[in-house]
Amino acid sequence: MVTIEQYTPKKSAQVAPLKVQPEQVQFTISDVLSVIEQLDDHEHPHLILDDGVVVGFFLLDMNYLSNQAFDVEIDSHSAALGIRALLIDETFQGRGIATQALQALPDYLKRAYSEKTAAYLTVNCRNVAAYQCYLKAGFQDTGNLYHGGPVGPQYIMTLSW
Ligand SMILES: CC(C)(COP(=O)(O)OP(=O)(O)OC[C@H]1O[C@@H](n2cnc3c(N)ncnc32)[C@H](O)[C@@H]1OP(=O)(O)O)[C@@H](O)C(=O)NCCC(=O)NCCS
């Protein structure tokens, strides 16, 4: 069963080996623990587990829309959070784990972040696997592009609940 939970240092040994394929590093982060060490208060690290084993990672960013220059119409910036740095360890990719984690996310967010009603993320236009995965999990393409990333334009996607 795929579950998500907030990161705690007790899990650092399980997080350290998380790794994506070399050609995927451009789309995400490569050293999860060093990223965790540098987070600001508004960036909340999370783990994806498969039957209790840590297999993936993502960040929830409480200030996402105020920090990004997004050309999207939204009623309330404070009701939206951002999803960043999602990855599934290379050994566990292609088994439906990211899809299940993203499908579990709204229920988790309703419990843990009850003031939030929508999530946003960006995905590089060349990252077909991730784009398809987000669509499969129910995210919608806003139709707008974000041009602020280091490796080319990104689709802006959203999910609300
Ligand atoms: C993108 C990523 C998180 C997907 O995780 P995953 O657990 O392997 O994804 P799933 O097994 O749930 O796949 C869901 C859908 O994504 C698409 N997909 C996943 N891997 C794919 C691949 N290698 N090639 C093409 N499509 C792929 C498929 O549409 C798949 O559905 P299907 O199995 O019914 O065909 C994972 O590949 C990853 O960590 N990539 C590197 C980091 C990254 O790009 N993160 C996203 C940043 S925005």
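My aim in this report is to walk through the structure given alongside it, one point at a time. No experiment lies behind these values; they were computed from the predicted model shown.

Conventions used here
The residue numbering used here restarts from 1 in each chain and proceeds along that chain's sequence as written. Totals for whole chains, interfaces and linings use all residues, but because this is a predicted model, local features are given only for residues with pLDDT of at least 70 and pairs of side-chain atoms are given and counted only at 80 or more. The basis for every side-chain value is the complete set of heavy atoms in the structure, and neither hydrogens nor water enter the calculation. Whether two strands pair comes down to DSSP finding at least two bridges between them. Put simply, DSSP marks the helices as runs of H or I at least four residues long and the strands as runs of E at least two long, and each gets a number from the N terminus on. Helix axes are fitted only over the stretch in contact, all axes being lines through C-alpha atoms; the angle between N-to-C directions runs from 0 to 180 degrees. The contact definition used throughout considers only heavy atoms, calling two residues in contact when any of these lie within 4.5 Å. The criterion for an aromatic pair is that two Phe, Tyr or Trp rings (for Trp, the six-membered ring) have centres within 6.5 Å, with stacked assigned to planes under 30 degrees apart, edge-to-face to planes over 60 apart and tilted to the rest. When accessible area is computed with a 1.4 Å probe and restricted to protein chains, residues below 20% of their type maximum are described as buried, those above 50% as exposed, and intermediate ones as partly exposed. Residues are counted as near a molecule or strand when any one of their heavy atoms sits within 4 Å of it. Pairs of N or O atoms are called polar contacts if they sit within 3.5 Å, as long as, within protein, a hydrogen donor faces a hydrogen acceptor (for residues adjacent in sequence, only side-chain-to-side-chain pairs). For accessible areas, the Shrake-Rupley method is used with a probe of radius 1.4 Å. Any residue's cover is judged against the shown protein chains and nothing else. Ten residues, namely Ala, Val, Leu, Ile, Met, Phe, Trp, Tyr, Cys and Pro, are considered nonpolar, four, namely Asp, Glu, Lys and Arg, are considered charged, and the remaining ones, Gly among them, are considered polar. The arc in question is traced by the directions running from the helix axis to the C-beta atoms. When a carboxyl oxygen of Asp or Glu is within 4 Å of a side-chain nitrogen of Lys or Arg, the pair counts as a salt bridge.

### A look at the sheet that holds strand 6 (residues 140-146)
Where strands meet in a sheet, backbone hydrogen bonds hold them as pairs that are either parallel or antiparallel.
Stage number 1. A sheet is described by the order of its strands in space; here seven strands give the open sequence 1-2-3-4-5-7-6, paired in mixed fashion. Of all the strands in the sheet, just strand 1 (2-6) and strand 6 have a single pairing partner and so form its edges. Averaged over all pairs of adjacent strands, the angle between strand axes in this sheet comes to 30 degrees, irrespective of strand direction.
Stage number 2. As paired elements, strand 1 and strand 2 (residues 43-50) share five bridges and run antiparallel to each other. When the sheet's bridge partners are listed, Gln-6 is paired in strand 2 with His-46.
Stage number 3. Helix 4 (residues 97-112) contacts strand 1, strand 2, strand 3 (53-61), strand 4 (80-88) and strand 7 (154-160) of the sheet and is inclined by roughly 55 degrees relative to strand 1.

### Some points on the packing of aromatic side chains
Stage number 1. Following the criterion strictly, the structure yields three aromatic pairs and no others.
Stage number 2. Consider the rings of Tyr-108 and Tyr-113, whose centres lie 6.5 Å apart with planes at 65 degrees: the pair is edge-to-face. The two residues Tyr-108 and Tyr-113 agree in class, both being buried.

### A few points about the site of the ligand
Stage number 1. Near the ligand, the surroundings consist of 22 residues, among which Gly-94, Gly-96, Thr-99, Asn-127 and Lys-136 are the closest.
Stage number 2. In this structure, an oxygen atom belonging to the ligand sits 2.7 Å away from a side-chain N or O atom of Asn-127.
Stage number 3. For the ligand, an oxygen atom lies 3.4 Å from a polar atom in the backbone of Cys-133.
Stage number 4. Protein chains bury 72% of the 930 Å² of accessible surface belonging to the ligand in isolation.
Stage number 5. Classifying every residue of the shell around the ligand by side-chain character gives eleven nonpolar, nine polar and two charged.

### Overview of helix 5 (residues 128-136)
Every α-helical turn comprises 3.6 residues, leaving residues that sit three or four positions apart pointing alike.
Stage number 1. Buried within helix 5 are the following residues: Ala-130, Tyr-131, Cys-133 and Tyr-134. End-on view of helix 5: buried residues confined to an arc of 160 degrees, all on one side of the axis. Facing away from the buried side of helix 5, by more than 90 degrees, are the exposed residues Val-128, Ala-129 and Lys-136.
Stage number 2. Lining the buried residues of helix 5 we find strand 4, helix 4, strand 5 (118-124), strand 6 and strand 7.
Stage number 3. Backbone geometry just after helix 5 places Gly-138 at a positive phi near 105 degrees.

### Digging into the pattern of salt bridges
Stage number 1. All chains considered together, the criterion is met by five salt bridges.
Stage number 2. Note that Lys-19 is salt-bridged to Glu-90, the shortest N-O span being 3.1 Å. Residue Lys-19 is found in the loop between helix 1 (12-15) and helix 2 (32-37), and its partner Glu-90 is found in the loop between strand 4 and helix 4; the two are separated by 71 residues along the sequence.
Stage number 3. The exposure class assigned to Lys-19 is partly exposed, which follows from its relative accessible area of 47%.
Stage number 4. Given a relative accessible area of 28%, Glu-90 falls into the partly exposed group.
Stage number 5. Here Glu-43 ties to Arg-84 by a salt bridge, and the two come within 2.9 Å at their closest N and O atoms. With Glu-43 in strand 2 and Arg-84 in strand 4, this residue pair connects regions lying 41 residues apart in the sequence.
Stage number 6. Of the residues examined, Glu-43 reaches a relative accessible area of 12% and is grouped as buried.
Stage number 7. What emerges from the salt-bridge pattern is a single network uniting Glu-43, Asp-61 and Arg-84.

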